[in-house]
Amino acid sequence: MAWTWRFEKTDGSETAPAVQPEEFTTQGDAESWIGEEWKALLEGGVDQVRLFEDGTEIYAGPMSLHADADAEA
């Protein structure tokens with residue numbers, strides 16, 4: 001199984017991340033990585049992310065990086 005992130009602007013269009021991700025072997029590894037890198041991704045122009053397992057979206061809808069930024073402020 002491969003876990004991958006899709007990086008998007010607010011309008012849902014795909015964008016290149018400032019931090020290059022890897023392909024993860026577990027959901028936990030993918031989620032830990034986003035937890036460590038979300039600030040750099042946000043600063044690099046990513047507004048939201050989607051997690052996929054072998055091409056199937058895991059969460060219902062995108063996860064905003066802005067919400068996390070507000071929570072941390």
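Residues numbered from 1 in each chain as written. Predicted model: local features only at pLDDT ≥ 70, side-chain atom pairs only at ≥ 80, totals over all residues. Heavy atoms only, no water.

Q: Would you explain the environment of F7 in this entry?
A: Along the chain, F7 turns up in strand β1 (residues 3-8). The class for F7 is buried, based on a relative accessible area of 4%. On a C-alpha basis, the gap between F7 and P17 in space is 6.4 Å, while along the polypeptide they are 10 residues apart. Residues contacting F7, with those up to four places away along its chain left out, are S13, E14, T15, P17, P21, W33, I34, L41, V46, Q48 and V49. (Helix = DSSP H or I, 4+ residues; strand = E, 2+ residues; numbered from the N terminus. Buried < 20%, exposed > 50% of the residue type's maximum accessible area, 1.4 Å probe, protein only. Contact = heavy atoms within 4.5 Å.)

Q: Help me understand the pairing of strand β2 (residues 48-53), please; the structure alone is not making it clear to me.
A: Within a regular strand, side chains alternate between the sheet's two faces. Across the six residues of β2, five count as buried, placing the element largely inside the fold. Examined bridge by bridge, β1 and β2 share six bridges and lie antiparallel to one another. Paired with W3 across the two strands is E53, which belongs to β2. Bridge count for β2 against strand β4 (residues 63-64) is two bridges, and the pairing is antiparallel. (Pairing = 2+ DSSP bridges.)

Q: Sorry if this is basic, but what is going on with unusual backbone geometry here?
A: What you tend to see is this: most non-glycine residues have negative phi, and most peptide bonds are trans. With phi around 50°, D54 is a residue other than glycine that occupies positive phi space. If you trace the backbone, D54 turns up in the loop between β2 and β3 (56-57).

Q: Where do I start with the environment of P62 in this structure?
A: Structurally, P62 can be placed in the loop between β3 and β4. The class of P62 is partly exposed, set by a relative accessible area of 36%. Once the C-alpha coordinates of P62 and A40 are considered, the two residues, 22 residues apart in sequence, prove to be 18 Å apart. Once residues lying within four places of it in the same chain are set aside, the contact partners of P62 are E8, Q48, V49, R50 and E57.

Q: Would you mind showing me how to read the packing of aromatic side chains here?
A: Evaluation of the coordinates by the stated rule reveals two aromatic pairs. Plain terms: the ring middles of F24 and W33 are 5.7 Å apart, the flat faces sit at 45° to each other, and that makes the pair tilted. With respect to class, F24 is no different from W33; both count as buried. One aromatic cluster is present, built from ring pairs that chain together F7, F24 and W33. (Phe/Tyr/Trp six-rings, centres within 6.5 Å; stacked < 30°, edge-to-face > 60°.)

Such coordinate-based values are descriptive only and should not be taken to indicate function.
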